Amino acid sequence: MTTAGIPVLTKKDFQTDQEVRWCPGCGDYAILSAVQSVFAELGIPREKFVVVSGIGCSSRLPYYVNTFGFHTIHGRAPAIATGVKMTNPELDVWVATGDGDSLSIGGNHTIHMLRRNLGVKVLMFNNRIYGLTKGQYSPTSELGKKAKSTPFGSLDRPFNPISLAIGAEATFVARSVDVFQPHLRATLKKAAAHKGSAYIEILQNCNIFNDGAWTTLTEKEVRSEHVIELEHGKPLIFGKNRDKGIRRRGLELEIVQVGSGASEADVIVHDETVENPAYSFMISQMEQMPGFPTPIGTFRSVGLPRYEDIARQQVLDVIAKRGKGSLDKLLRAGDTWEVK
Amino acid sequence: MSTITAPPVAEAPPRNRRTIDKAVIRFAGDSGDGMQITGSQFTNTAALYGNDLATFPDFPAEIRAPAGTLPGVSGFQIHFASTDVWTPGDAVDVLVAMNPAALKMNIADLKKNGILIVNTDNFKEGDLRKAQMTANPLEDHSLDAYRLFAVELTKLTRAALQELGLDAKSMDRCKNFFALGMCYWLYNRPMDSTYRWLEDKFSKKPLLVEANKRAMRAGYSYCEATEAFFESYEIPPAKLTPGLYRNISGNTALALGFVAASQQAAVPVFLGSYPITPASDILHEMSMYKDFGVMTFQAEDEIAAVTSAIGASYAGALGITTTSGPGMALKTEALGLAVAVELPLVVCDIQRGGPSTGLPTKTEQADLLQALYGRNSEAPIPVLAAATPGDCFWLALEASRIAIKYMVPVIALSDGYLANGAEPWRIPSSADLPKFPVSFAKNPDGFMPYKRDAETLARPWAIPGTAGLEHRIGGIEKQDVTGNINYEPLNHEKMVRLRAAKVKAIAQEIPDVVPAGDPEGDLVIVGWGSTFGPITAAVNAQRAKGRRIGHVHLRYLNPLAHNLGTVLSRYKQVLVAEMNMGQLLMVLRAKYLVDAIGLNKIQGKPFLQSEIEAKIQELIS
């Protein structure tokens with residue numbers, strides 16, 4: 001049933017008949033649920049959605065969403081998505097990927113897609129482990145991680161996915177959490193509205209191979225101390241009593257007690273639209289400092305043309321200037337001669 | 001349209017003008033001497049004059065090796081004639097050597113009593129040392145076997161340009177046009193088309209246009225006025241099939257073929273590509289065709305190049321990717337995906353010397369087995385190969401047609417020699433090209449992502465944006481018809497066999513092999529790719545001596561023509577001449593249980609006609 005051409009869809013319209021094969025208790029179920037709900041609310045006809053994925057548990061998502069879907073190869077979803085969008089810019093393309101798929105083998109394609117500002121929304125399910133291949137450490141695993149391939153502890157520092165995306169100057173970078181459903185849905189909706197690349201890190205729990213990776217953030221008792229919600233135009237305040245603020249001192253951040261010694265005026269007011277990536281980069285680095293909370297929400301949201309639009313426009317501009325090409329004229333270009 | 005105007009002739013010593021039927025010129029110099037331009041210009045002029053021709057540009061891999069050194073030598077060979085030309089020529093009639101290094105690298109190929117033009121201004125001690133020569137060949141009688149013309153090319157060029165007020169370096173850059181002018185005189189060629197080219201290329205720098213024109217005329221006049229040049233040659237136009245002609249290189253023909261395919265299929269074309277020698281020109285060329293709606297994308301790497309093309313096909317364009325050997329290797333996994341999801345895709349491999357980085361600017365045809373088998377598991381892909389530069393047009397068109405009709409990735413093989421070599425090409429009219437309009441799936445009733453066409457075994461092309469056709473595809477093995485993920489043993493075998501059968505089904509459209517030369521006899525030579533020219537020339541020459549030889553040149557390498565085995569059986573011996581270690585040889589021996597023999601040259605250069613003739617003589621004594 002439609003009203004004035006806009007389809008009225010429900011979550012059910014986006015469910016497939018395929019048996020979902022994730023482990024019971026996997027955080028991916030929650031993400032799937034949020035995606036199906038949000039898709040229904042966007043006012044976009046179902047046939048316009050395309051979900052492209054790589055390889056990993058994350059990348060099974062397309063099979064469970066009743067839209068066009070393409071389950072491709074490890075790390076290459078952004079490149080596939082580039083071809084899709086450049087061919088049909090009107091499609092609404094979402095990439096489902098994971099910490100290994102997007103930041104290990106797919107690292108190169110990720111940063112180039114972001115730098116081009118391709119109009120796709122990337123859902124990066126970060127469970128800090130390789131789940132599908134049963135438990136190797138990933139580029140986001142903590143230093144010293146004991147896993148299947150690193151029994152004595154991993155030796156490499158992890159990527160900070162938000163910092164990396166901002167480093168590639170992505171125009172929309174956000175983080176949410178699988179179990180924070182309202183926040184996740186709101187973040188997805190915001191990303192859906194963004195023109196250009198939207199990189200969303202979704203903290204996800206793999207209860208089989210890396211259970212509890214995010215409990216310090218998600219456990220009800222400690223959540224408010226360990227998580228800070230970024231809201232555009234609002235001060236960076238967190239804590240159970242909402243009495244801790246983030247203040248900038250030079251290039252460093254510090255936590256101040258609001259009320260005693262510092263007023264709310266000292267606290268940074270979050271601005272996701274700052275052009276200079278240095279601001280959002282600084283905010284993204286916060287969680288790595290002892291005592292600081294982990295930010296969730298939108299770090300950066302700036303406006304730039306979408307790659308597929310300027311590519312299309314360039315073609316149209318040439319046609320407008322030269323007229324549509326004639327094949328016969330093209331074949332006969334340059335010096336020709338007649339043999340009688 | 002070209003007009004042939006008579007060049008200026010002042011008072012001249014008595015001249016002998018001899019009509020001959022062919023000539024081979026090689027221009028050789030330092031990379032910075034403009035030998036490629038000189039060669040291309042002569043080629044263009046010869047083509048417009050009506051000669052049949054074949055060219056062989058031979059340049060080094062480095063952008064600019066130290067001036068005057070042996071690795072820096074760049075050459076351009078053209079064979080032009082009033083008869084059919086099949087090869088760039090085994091031996092050279094005229095060698096233009098701009099410095100000692102060029103002389104050293106090329107003198108062995110100059111015929112006895114051939115014309116040797118050298119630039120004496122570049123034969124100083126320093127130049128000789130750079131070429132690792134101890135004695136000066138111009139003085140030690142080592143060149144007595146040739147007709148040597150020692151010309152103060154640099155000095156004469158500067159003299160011709162002195163009024164123009166250019167600095168010495170700029171004047172010296174025109175000396176290649178002096179050499180060109182000399183060759184134009186030698187072969188009685190007009191200079192119009194080169195004038196036009198200069199006017200176009202240097203349209204913003206009229207001084208350079210004038211300088212190069214003067215240098216060219218000076219070279220021409222020099223020969224005219226110098227008694228030493230007592231003989232010039234006339235090579236009349238060849239009797240080509242009537243029609244409108246242009247000169248074309250393989251890479252250009254490929255690019256044009258894809259534009260044609262786009263029109264004939266009424267589907268947009270998307271090229272995802274990454275720069276790699278010798279394929280980059282295709283990307284450059286196609287990026288100019290925006291007025292045809294062609295979308296080109298320089299991807300971040302070879303894998304993004306092919307995967308973006310796959311994504312484009314998924315969304316309803318014809319996805320194309322172009323590369324050379326090392327890039328093909330990188331695309332392997334993605335090709336497997338294309339096979340599994342059964343989407344149209346054209347992958348062009350412009351082969352070059354390998355392995356690894358190998359010889360980027362030298363030709364080879366050693367990627368055949370990679371094209372046929374280079375995927376994990378059973379992933380059959382149709383493989384086509386062009387035989388001449390102009391044939392690359394057909395290659396692009398036919399590869400695209402098959403990809404669309406059978407919903408399959410197709411590998412199109414060319415090589416460095418075809419890519420950069422040129423020949424006259426009879427321009428087809430778009431009305432004469434086959435039409436193969438795409439029909440996307442539209443009807444949701446009874447739609448299944450892997451429901452196959454009875455004749456082609458192709459699945460429907462159902463693109464995103466089509467209401468009611470929402471479905472998921474992927475690399476995991478799937479159930480036939482429904483496309484749902486399926487790991488069942490019998491289903492897997494069924495799918496493996498279906499994908500193989502689909503590629504085999506293409507054979508129903510491949511014309512029967514008809515050998516050139518004798519339909520049966522003592523020997524058949526089988527070739528593919530750019531060996532077409534030398535094999536044809538060799539077979540013609542040997543048949544003229546009474547030998548009964550056939551020549552089969554394959555353009556479809558997978559599947560093979562239905563009657564190939566039967567044809568091979570009609571000859572006493574089968575010889576496969578290839579620029580690799582025996583790849584087609586292995587395929588033919590395995591498939592037809594025939595005791596075929598190989599002639600294998602892997603030197604980064606095409607076969608010489610004489611090399612193939614020698615083998616024929618060895619086999620049929």
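Rules and cut-offs
Residues numbered from 1 in each chain as written. Chains lettered and ligands numbered in written order. Predicted model: local features only at pLDDT ≥ 70, side-chain atom pairs only at ≥ 80, totals over all residues. pLDDT = per-residue confidence, 0-100. Contact = placed C-beta atoms within 7 Å. Pairing = 2+ DSSP bridges. Helix = DSSP H or I, 4+ residues; strand = E, 2+ residues; numbered from the N terminus. Axes fitted to C-alpha atoms, helices over the stretch in contact; angles between N-to-C directions. Domains from an automatic or database assignment. Nonpolar A, V, L, I, M, F, W, Y, C, P; charged D, E, K, R; others polar. Buried ≥ 20, exposed ≤ 12 C-beta atoms within 10 Å, placed from the backbone. Expected span 1.5 Å × (residues − 1).

A. The confidence of the model for chain B, seen in detail. Residue and element names in this part refer to chain B. Averaged over every residue, the pLDDT of chain B is 95; the share at 70 or more is 98%. Every residue in residues 1-6 scores below 50 in pLDDT, and together they form nine contacts with partners more than four places removed in sequence or on other chains. Our summary of model confidence lists the complex with pTM equal to 0.94 and ipTM equal to 0.97.

B. Just the sheet that holds strand E19 (residues 521-528) of chain B, in detail. Residues and elements named next belong to chain B. Spatially, the five strands line up as an open sheet ordered E18-E20-E19-E22-E23, and their pairing is mixed. A single partner strand is all that each edge strand has here, and the edge strands are strand E18 (516-517) and strand E23 (597-600). By the bridge criterion, four bridges tie strand E22 (residues 571-578) to E23 in an arrangement that is parallel. Counterpart to Leu-575 in the pairing with E23 is Ile-597. Together, E19, E22 and E23 form the strand contacts of helix H20 (residues 583-592), whose direction differs from that of E22 by roughly 145 degrees. With respect to the sheet, helix H21 (residues 609-619) is in contact with E19, strand E20 (549-554), E22 and E23, its orientation differing from that of E22 by roughly 155 degrees.

C. The domain arrangement of chain B, seen in detail. Residues and elements named next belong to chain B. Domain annotation of chain B identifies domain 1 (16-234), domain 2 (247-432) and domain 3 (516-619). Contributions of two or more residues to the side of domain 2 that touches domain 3 are made by helix H14 (368-373), strand E14 (383-385), strand E15 (409-415) and helix H16 (416-420). Taken together, the residues of the side of domain 2 that touches domain 3 sort by class into 13 nonpolar, four polar and three charged.

D. The interface of chain B and chain A, seen in detail. Across the contact, 61 residues belong to chain B and 51 residues belong to chain A. Contributing elements (two or more residues each) for the side of chain B that touches chain A: helix H1 (35-49), strand E9 (243-249), helix H9 (250-265), strand E10 (269-273), strand E11 (295-298), helix H11 (302-314), helix H13 (332-341) and strand E17 (472-474) of chain B. If one sorts the elements of the side of chain B that touches chain A by residue count, H11 of chain B sits on top with nine residues. When its residues are assigned to classes, the side of chain B that touches chain A shows 32 nonpolar, 21 polar and eight charged. Across four bridges, the pairing between strand E14 (residues 336-339) of chain A and E9 of chain B is antiparallel. Pairing of Trp-337 of chain A across the sheet is with Tyr-245 of chain B, part of E9 of chain B.

E. Seen up close, unusual backbone geometry. Residues and elements named next belong to chain B. Looking along the chain, the bond that leaves Thr-277 and enters Pro-278 is cis, with omega of 0 degrees. Residue position: Pro-278 is located in the loop between E10 and helix H10 (280-286). Pro-559 follows Asn-558 through a cis peptide bond whose omega is -5 degrees. Within the element layout of this structure, Pro-559 appears in the loop between strand E21 (556-558) and helix H19 (564-568). Although it is not a glycine, Glu-342 sits at a positive phi angle of roughly 55 degrees. The topology assignment puts Glu-342 in the loop between H13 and strand E13 (345-351).

F. Region of interest: the environment of Pro-434 of chain B. All names here are of chain B. Position of Pro-434 among the secondary structure elements: in the loop between strand E16 (422-426) and E17. Owing to 11 C-beta atoms within 10 Å, Pro-434 belongs among the exposed residues under this scheme. The spatial distance from the C-alpha of Pro-434 to the C-alpha of Ala-260 is 9.8 Å, given a sequence separation of 174 residues. With residues near it in sequence (within four places) discarded, Pro-434 still touches Gln-264 and Arg-401.

G. Here's a closer look at helix H6 (residues 175-186) of chain B. All names here are of chain B. Taking 1.5 Å per residue as the helical rise, H6 with its 12 residues ought to reach 16 Å, and the 17 Å between its terminal C-alpha atoms agrees with that figure. Within H6, 12 of the 12 residues are buried, which leaves the element mostly enclosed by the surrounding structure. All of the buried residues along H6 are Lys-175, Asn-176, Phe-177, Phe-178, Ala-179, Leu-180, Gly-181, Met-182, Cys-183, Tyr-184, Trp-185 and Leu-186. Trailing H6 by a residue or two, Asn-188 shows a phi angle of about 50 degrees, which is positive.

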